[in-house]
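Next come the chains, spelled out residue by residue.
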Amino acid sequence: GESVGLHLPTLSVQEGDNSIINCAYSNSASDYFIWYKQESGKGPQFIIDIRSNMDKRQGQRVTVLLNKTVKHLSLQIAATQPGDSAVYFCAERGQNFVFGPGTRLSVLP
Amino acid sequence: GAGVSQSPRYKVAKRGQDVALRCDPISGHVSLFWYQQALGQGPEFLTYFQNEAQLDKSGLPSDRFFAERPEGSVSTLKIQRTQQEDSAVYLCASSLWGGTGRPEQYFGPGTRLTVT
């Protein structure tokens, strides 16, 4: 399939380490923030979301942190695996959905 | 169960041609979204349907772009008189909830449009 994100910022982590992907958002009125994973040739896949009235939410191996003071969102992936290699996008829901520019996660063996 | 499907997966059009891109959402999903994704960038919102009603079309880049969802299920994105800057991946997503419900969207694989 086609390649997504040829010139994206890249985060390289060792297999088994934890990964932290950061995102800045713009709309303080957004009610939800979402993280998506996109593999080459596929559409984005929902990972986890968080409501604006929360500051932390945990899923399976993933944690999302929301800092409304500085309009910052992060995704933490525990024990990163080769299958986690992909481009990760944050998105916010305000008037409609706005996606960030994306970060490529590369897992090193 | 079946996810969101889109057709065609790849489309090559000559500049000035009209194209129609189809999206089959997950059965029963209320909301349907279209996005445009340029290479190396995040998806950009184009338009949103709740059932058959097009509630937001603020992201459509020009009046050459038109979307419909006449029976509240399948949707078609039409681009008239295609231009080179229309080259992108067009993504469709559906969601069980409408309005202010959970934002969880399920995306299709996209249609890659190349205008020559």
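Residues numbered from 1 in each chain as written. Chains lettered and ligands numbered in written order. Predicted model: local features only at pLDDT ≥ 70, side-chain atom pairs only at ≥ 80, totals over all residues. Heavy atoms only, no water.

Undergrad: Help me get a handle on the overall build of chain B, residues and values and all.
TA: Along its length, chain B carries zero helices and eleven strands. Of the regular secondary structure in chain B, the N- to C-terminal order runs β-β-β-β-β-β-β-β-β-β-β. With 116 residues in all, chain B has 47% of them scored as buried. Counted over contacts in chain B with a minimum sequence separation of 6, partners at least 24 positions apart contribute 54%. Counting only carbon and sulfur atoms, one obtains 47% of the accessible surface of chain B, whose full area is about 5,500 Å². (Helix = DSSP H or I, 4+ residues; strand = E, 2+ residues; numbered from the N terminus. Buried < 20%, exposed > 50% of the residue type's maximum accessible area, 1.4 Å probe, protein only. Contact = heavy atoms within 4.5 Å. Areas by Shrake-Rupley, 256 points an atom, 1.4 Å probe, with all protein chains shown as cover.)

Undergrad: Let's hear about the pairing of strand β7 (residues 72-77) of chain A: which residues, and what values?
TA: Residue and element names in this part refer to chain A. For strand β2 (residues 19-24) and β7, the ladder comprises six bridges, and the chain directions are antiparallel. Looking across to β7, one finds that C23 is bridged to L73. Judged from the six bridges that link them, strand β6 (residues 62-67) and β7 form a sheet pairing that is antiparallel. Pairing of L66 across the sheet is with L73, part of β7. In this structure, the hairpin formed by β6 and β7 is closed by a connection of four residues, where K71 is found at a positive phi of approximately 55°. (Pairing = 2+ DSSP bridges.)

Undergrad: An account of the layout of surface pockets is requested, with residue identities and associated values reported.
TA: Here the largest pocket defines a volume of roughly 240 Å³. R93 and F97 of chain A together with F33, Y48 and G99 of chain B are, among the 21 residues lining the largest pocket, the residues nearest its centre. Taken together, the elements giving at least two residues each to the lining of the largest pocket come down to β4 (31-37), β5 (44-50) and β6 (53-56) of chain B. Across the lining of the largest pocket, the residue classes break down as seven nonpolar, ten polar and four charged. Here the second largest pocket defines a volume of roughly 160 Å³. Surrounding the second largest pocket, K37, Q45, F46, I47, Q60, R61, V62, L75, I77, D84 and Y88 of chain A form its lining. Within the residue set of the lining of the second largest pocket, elements represented by two or more residues are β4 (45-51) and β7 of chain A. A total of three residues in the lining of the second largest pocket trace back to one element, the largest contributor, which is β4 of chain A. (1 Å grid on protein atoms, 1.4 Å probe; cavity = no way out; pocket = protein on both sides within 12 Å on 5 of 7 lines; lining within 4 Å. Points joined across faces, edges and corners; volume = space filled by probe spheres on them. Nonpolar A, V, L, I, M, F, W, Y, C, P; charged D, E, K, R; others polar.)

Undergrad: For the sheet that holds β7 of chain A, give the residues involved together with the corresponding values.
TA: Residues and elements named next belong to chain A. Taken in spatial order, the four strands of this open sheet run β2-β7-β6-β5, and their pairing is antiparallel. Only two strands of the sheet have a single neighbouring strand rather than two, namely β2 and β5 (56-58). Ignoring strand direction, the axes of neighbouring strands in this sheet form an average angle of 15°. (Axes fitted to C-alpha atoms, helices over the stretch in contact; angles between N-to-C directions.)

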